[in-house]
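Structural description and commentary
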Amino acid sequence: MSQTADPYAAQAHARAQAGTRAQAMPTVPATAAVDLPENVLAADVVWDETIAPGGYASRQIARGTRLRLTDLDGDASSSLLLFNAERPVERLNIADTLKVQWNGYLGQGRLLLSDMGRVLASLVEDTAGTHDAFCGASNQASNARKYGDGFNHGAHPNARDRFSLGVAKFGLGRKDIHPCLNLFKDVRIAQGGETVFDVGPYPPGRFVTLRAEMDLIVVLANCPHVLDPRPAYAVTPLRATAWRGPVTPEADPIRNATPEGLRAFLNVEDYYRR
């Protein structure tokens, strides 16, 4: 009989794990996080978590919060969903994000727009420059074709099912899983219209820093990109670190970079002027 079959032995075994650290887990409290971005105080950190290969995370963050996503080992593949935390019916709209900014390739200085004409987040830093706004998330069928299975609790989980776990923590369901932004894996559209995927290798430590322009629900899935041609389930850990910051001021250069972007910021400011 297993030692933990006895409830007292099981209690002792569980309590003996106190203080154990694994790479892929949240830092609790978040203020205990180490190796922070330059000039970030530990007291301001509100979320710090390393997301395992095939893992996911979801968190609510306040307007003004900075969220840094770091590709720790050079092969992370972060699929991102964003929702207005107060009214999750408003969410990231990838099509509007691209067409309003007249650009198919997102990077530093660009905006992530909602389906109601507001800025959900700004990309204030980007040392990667390799992202994908075209292909969406992997699913059970696409993973099954490549790896033999793609079930949520199997060896090859897919991004869409990981999203389903993340959104459920906020009372949302599969119908709320919208087209995502894929970070750290580059997809370009060639002259003939075909998608060109760059698998890497990429240097470790690349990061993207988002500034929350509204109160947000953030959902992340760290699963191989749907176009990744490698036969192995290849993905490495992702770190998410968020800290308090000020709301974007009127003179902010990203806010004022284009008339379309400014209008989206004005819509945000009007929303909070209640």
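In what follows, the structure referred to is the one given above.
Residues numbered from 1 in each chain as written. Predicted model: local features only at pLDDT ≥ 70, side-chain atom pairs only at ≥ 80, totals over all residues. Heavy atoms only, no water.

**What to know about the overall build of the protein chain**
- Along the backbone of the protein chain there are five helices and 13 strands.
- Here the protein chain has a C-alpha radius of gyration of 19 Å; the compact-globule value for 274 residues is 19 Å, and the two agree.
- A buried classification covers 50% of the 274 residues belonging to the protein chain.
- Put simply, 72% of the contacts in the protein chain that link residues at least 6 apart link residues at least 24 apart.
- Seen as two clouds, the 29 positive and the 30 negative side-chain charges of the protein chain have centres 4 Å apart. (Helix = DSSP H or I, 4+ residues; strand = E, 2+ residues; numbered from the N terminus. Rg over C-alpha atoms; globule rule 2.2 N^0.38 Å. Buried < 20%, exposed > 50% of the residue type's maximum accessible area, 1.4 Å probe, protein only. Contact = heavy atoms within 4.5 Å. Lys, Arg positive; Asp, Glu negative; His and termini not counted. Charge placed at Lys NZ, Arg CZ, Asp CG, Glu CD.)

**Considerations on the sheet that holds strand β7 (residues 131-132)**
- An order of β2-β12-β4-β8-β7 is seen for the five strands of this open sheet, with the pairing classed as antiparallel. Only two strands of the sheet have a single neighbouring strand rather than two, namely β2 (56-61) and β7. (Pairing = 2+ DSSP bridges.)

**As for the packing of aromatic side chains**
- A full pass over the atoms with the stated rule returns three aromatic pairs.
- With a centroid separation of 5.2 Å and an interplanar angle of 75 degrees, the aromatic rings of Y147 and Y233 are classed as edge-to-face. Taken together, the positions of Y147 in helix α3 (residues 140-147) and Y233 in the loop between β12 (216-222) and β13 (238-243) put the pair 86 residues apart, joining distant regions of the chain. For the pair shown, Y147 and Y233 are each scored as buried.
- Aromatic pair Y271 and Y272: ring centres 5.1 Å apart, planes at 85 degrees, arrangement edge-to-face.
- For the cation-ring pair, R68 lies above F207, with the distance from its terminal atom to the ring centre recorded as 3.7 Å. (Phe/Tyr/Trp six-rings, centres within 6.5 Å; stacked < 30°, edge-to-face > 60°. Lys NZ or Arg CZ within 6 Å of the ring centre and 35° of its normal.)

**Side note on the side chain of D228**
- Within the secondary structure, D228 is located in the loop between β12 and β13.
- Reaching out from D228, the side chain makes a polar contact with the side chain of R230 at a distance of 2.7 Å.
- In this structure D228 touches K146, F197, V199 and A234, once residues within four positions along its chain are discounted. (Polar contact = N/O pair within 3.5 Å; in protein donor to acceptor, adjacent residues only side chain to side chain.)

**Details of the environment of V46**
- Residue position: V46 is located in strand β1 (residues 45-51).
- V46 sits 138 residues away from F184 along the chain, and the two C-alpha atoms are 23 Å apart.
- Ignoring sequence-local partners within four residues, the contact set of V46 consists of A30, R59, T65, A242, W243 and R244.

**What to know about the sheet that holds strand β6 (residues 119-126)**
- Ordered by their spatial adjacency, six strands build an open sheet running β1-β13-β3-β11-β6-β5, and the pairing between neighbours is antiparallel. Strands with a single pairing partner mark the edges of an open sheet, and in this sheet they are β1 and β5 (111-113). Strand-to-strand, the axes of this sheet are offset by a mean angle of 20 degrees, without reference to chain direction.
- One ladder, built from six bridges, connects strand β3 (residues 66-71) with strand β11 (residues 206-212); its direction is antiparallel. Each bridged residue has a counterpart across the sheet, and for T70 the counterpart in β11 is F207.
- Each of β5, β6 and β11 is contacted by helix α5 (residues 259-271), which is oriented at about 125 degrees to β6, the strand it contacts most. (Axes fitted to C-alpha atoms, helices over the stretch in contact; angles between N-to-C directions.)

**Focus on the pattern of salt bridges**
- According to the stated counting rule, one finds 16 salt bridges in the structure shown.
- Residues D71 and R206 are paired through a salt bridge, measuring 2.9 Å at the closest nitrogen-oxygen approach. With a gap of 135 residues between them, D71 in strand β3 and R206 in strand β11 connect regions that are remote in the sequence. For the pair formed by D71 and R206, the shared burial category is buried.
- A salt bridge links K175 to D176, with the nearest nitrogen and oxygen atoms 3.4 Å apart.
- When its relative accessible area of 73% is taken as the criterion, K175 is described as exposed.
- By relative accessible area, which is 7% here, D176 ends up buried.
- Linked by salt bridges that have partners in common, D75, K185, D228 and R230 make up one network. (Salt bridge = Lys/Arg side-chain N within 4 Å of Asp/Glu carboxyl O.)

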